[in-house]
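# A structural walkthrough
Spelled out, the chains give:
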Amino acid sequence: MEEITQDHQEEQELSEILQIRRDKLKKLQDEGQDPFEVTKFTRTVYTSDVHENFDAIENSDVSMAGRVMAKRGMGKAIFADIVDDKGRIQLYIKLNDVGEEAFEGLKKGDIGDIIGVTGHVFRTKMGEISIHCKTVTLLAKSLRPLPEKFHGLTNQELKYRQRYLDLIMNPDTRKTFEVRSAFIRHVRSFLDNRGYMEVETPVLNTVSAGGTARPFITHHNTLNLDMYVRIALELPLKRLIVGGIERVYEIGRIFRNEGMDTKHNPEFTMIELYEAYADYNDMMDLFEELLGTAAQKLLGNYKVQWQGVEIDLTPGWKRQTMADAVLEHTGVDFMSFTTTEDAVKAAAGIGVKMPEDKEPSWGDLLFECFDQRAEDKLIQPVFIIDHPVEVSPLAKRKPSDPRLTERFELFICRNEMGNAFSELNDPIDQKQRFQRQAAMRASGDDEAGMMDEDFITALEYGMPPTGGLGIGIDRCVMMLTNNSSIRDVLLFPTMKPIED
């Protein structure tokens, strides 16, 4: 009861504050000073320009704009802090310099208001670089109070729902998304310099293929056709390899109608790249160099902190078969089994649970043993290679063991960072694997892929040996910014609406 009373009191206080701010706006409008009628403000410098070039521009006249984040009154003078896109700076405003109207307007204004000022650059007696203002113009009125300044915005739920408040109050959030942007620029530059061509492919498709995931389904009214929102970028890009674009990539949004947790969001960003006449070994080399150089360029070091662990991205990452990883972490040697029954008994012996809706094969058992008993033990960078064919419908078989494929996943700190194949280019084998996926789907597995007849047709024209790699942009940014949740590296993560 006490908690309900406190919540009601807080709601009343907020309502009063909102009304006071609206009354202030109404008064300004009645006096012909509506801030929302201002269409432009000419800025000559950002806050960072003043701090970085103070010696060169001291006493120079400048104009700048930003959000008021602090205010301290001293009789006929006011000190205020404003924040812009590049940082924060102090303003010094005297009544005699700006006039009574502007001075009183700032004095009665609110934290969160957006203002533009002109003045000259100077250093206060306390040594702080500041702007001695000549004019102050209100550019936008803040009608809601910002979160309490000393504690900032700490409510995680509110941070994700109102990212704009998070960006205003928490400088570290801004840094996270600056790193994200810089990482994507690095990826583009890295691939462009190696002769890759960036392309765009459809988000809406008539079949769902290229991965194992439950798709989102929508409807095209004009065509009266159900369509699938893409779960991968793979098949259109490999069609381009067939068409003769030998190095191709796309950075795109992917959509999967699956569960949500700290590693998964229904929409996320991937880059997929394909290179003709290459294999999965080449993709390992490329991935290692791409991620290592990103850490060096963005953080200045191969060693990064992530989830309480120091991760060493120095080139020369471990490469281990899936069977060897299972052997190392469970003692079960899948390569020694001669029958599926032996594998079933061994998996049961270490407590691995298998799906009840299908008869497991040797490859299914190997994958589940890895997934349930080995994956969470992988901390430092390791390429897990040679996956079973059952879970790799688009990868080329390993010549020395047709039960396996030339596929790898990179794991860092228990997170899958990327997935790559020596791409399957045999149209007959590919059709058989599609048929197996389609049969699984027909029996109730809504994550299984569909038959893509046009892709089979493309392969029948001939696709060269090709290496392909998919990288989770969000996971990489999580590592580079030491965040443990994917929501912290998505500006607008998917959220369930708040019910009244």
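Everything that follows concerns the structure shown earlier in this document.
Residues numbered from 1 in each chain as written. Predicted model: local features only at pLDDT ≥ 70, side-chain atom pairs only at ≥ 80, totals over all residues. Heavy atoms only, no water.

### With respect to the sheet that holds strand E4 (residues 114-123)
- Taken together, the five strands give a closed barrel; going around it, the order is E1-E2-E3-E5-E4, and neighbouring strands pair in mixed fashion. Across the sheet, the mean angle from the axis of one strand to that of its neighbour is 55 degrees, orientation sign disregarded.
- Across 10 bridges, the pairing between E4 and strand E5 (residues 129-140) is antiparallel. By the bridge assignment for E5, Ile115 is matched with Leu138. (Pairing = 2+ DSSP bridges. Helix = DSSP H or I, 4+ residues; strand = E, 2+ residues; numbered from the N terminus. Axes fitted to C-alpha atoms, helices over the stretch in contact; angles between N-to-C directions.)

### Things to note about the sheet that holds strand E7 (residues 204-205)
- Ordered by their spatial adjacency, three strands build an open sheet running E7-E9-E8, and the pairing between neighbours is antiparallel. On the outer flanks of this sheet lie E7 and strand E8 (217-220), each paired with one strand and no other.
- Pairing of E7 with strand E9 (residues 225-229), which is carried by two bridges, proceeds in the antiparallel orientation. The partner of Asn205 across the bridge, within E9, is Tyr228.

### So, a nonpolar patch on the surface
- A cluster of nonpolar side chains, contributed by Leu167, Leu491 and Phe492, occupies part of the molecular surface with about 280 Å² of accessible area.
- Tracing the backbone shows Leu167 in helix H7 (residues 163-169). (Patch = residues over 30% accessible without salt bridge, like charges linked within 9 Å, V, L, I, M, F, W, Y side chains within 5 Å. Areas by Shrake-Rupley, 256 points an atom, 1.4 Å probe, with all protein chains shown as cover. Salt bridge = Lys/Arg side-chain N within 4 Å of Asp/Glu carboxyl O.)

### Some remarks on the layout of surface pockets
- The space that makes up the second largest pocket amounts to roughly 890 Å³.
- Mapped by element, the contributors of at least two residues to the lining of the second largest pocket are strand E1 (61-74), strand E2 (77-84), strand E3 (87-94), H7 and helix H8 (171-192).
- The leading source of residues in the lining of the second largest pocket is E1, at six residues.
- Its residues assigned to classes, the lining of the second largest pocket comprises 14 nonpolar, three polar and 12 charged. (1 Å grid on protein atoms, 1.4 Å probe; cavity = no way out; pocket = protein on both sides within 12 Å on 5 of 7 lines; lining within 4 Å. Points joined across faces, edges and corners; volume = space filled by probe spheres on them. Nonpolar A, V, L, I, M, F, W, Y, C, P; charged D, E, K, R; others polar.)

### As for helix H13 (residues 362-373)
- Counted at 1.5 Å a residue, the expected span for H13 with its 12 residues is 16 Å, and the 16 Å between its end C-alpha atoms agrees.
- Residues of H13 that are buried sit in contact with helix H11 (322-330), helix H12 (340-349), strand E15 (382-385), strand E17 (401-405), strand E18 (407-412) and helix H14 (427-442). (Expected span 1.5 Å × (residues − 1). Contact = heavy atoms within 4.5 Å.)

### Some words on helix H16 (residues 473-481)
- Most of H16 sits inside the fold, with nine of its nine residues counted as buried.
- When H16 is considered as a whole, its buried residues turn out to be Ile473, Asp474, Arg475, Cys476, Val477, Met478, Met479, Leu480 and Thr481.
- Downstream of H16 by a residue or two, Asn482 has a phi angle that is positive, lying close to 55 degrees. (Buried < 20%, exposed > 50% of the residue type's maximum accessible area, 1.4 Å probe, protein only.)

### What to know about empty space enclosed by the protein
- Under the defined criterion, the tally for this structure stands at one cavity of 30 Å³ or more.
- Of the pockets and cavities examined, the largest cavity occupies roughly 50 Å³.
- Looking at the lining of the largest cavity, its residues break down into five nonpolar, four polar and no charged.

### Concerning the packing of aromatic side chains
- Applying the stated criterion across every chain, the model contains nine aromatic pairs.
- On the numbers, 6.5 Å between centres and 55 degrees between planes, the contact of Phe287 with Phe383 is tilted. On the criterion of sequence distance, the pair formed by Phe287 in helix H10 (residues 280-299) and Phe383 in strand E15 is long-range, its members being 96 residues apart.
- Using a relative accessible area of 0% as the deciding quantity, one classes Phe287 as buried.
- Ring centres of Phe334 and Trp362 lie 6.2 Å apart, and the angle between their planes is 70 degrees; this geometry places the pair in the edge-to-face category. Of this pair, Phe334 sits in the loop between H11 and H12 while Trp362 sits in helix H13; the two residues are 28 residues apart in sequence, bridging distant segments of the chain. Taken as a pair, Phe334 and Trp362 share a single burial class, namely buried.
- An aromatic cluster of at least three residues, connected via ring pairs, comprises Phe287, Trp317, Phe383 and Phe408.
- The ring centre of Tyr46 lies 5.6 Å from the NZ or CZ of Lys86, which sits over that ring. (Phe/Tyr/Trp six-rings, centres within 6.5 Å; stacked < 30°, edge-to-face > 60°. Lys NZ or Arg CZ within 6 Å of the ring centre and 35° of its normal.)

### A few points about the packing of H8 against H16
- Remark: H8 packs on H16, axes separated minimally by 10 Å, with the N-to-C direction vectors making an angle of 125 degrees. By the angle between their axes, H8 is oblique relative to H16. Between H8 and H16 the crossing geometry is right-handed. Contacts between H8 and H16 pair Thr176, Val179, Arg180, Phe183 and Ile184 from the former with Ile473, Asp474, Cys476, Val477, Leu480 and Thr481 from the latter.
- For the contact of H8 with H16, the per-class residue count stands at seven nonpolar, two polar and two charged. (Parallel < 35°, antiparallel > 145°, perpendicular 65-115°, else oblique. Left-handed = near helix turned anticlockwise from the far one by under 90°.)

### Details of unusual backbone geometry
- In this model, Asn59 sits at a positive phi of 75 degrees, which is unusual for a non-glycine residue.
- Even without being glycine, Tyr277 reaches a positive phi, approximately 65 degrees.

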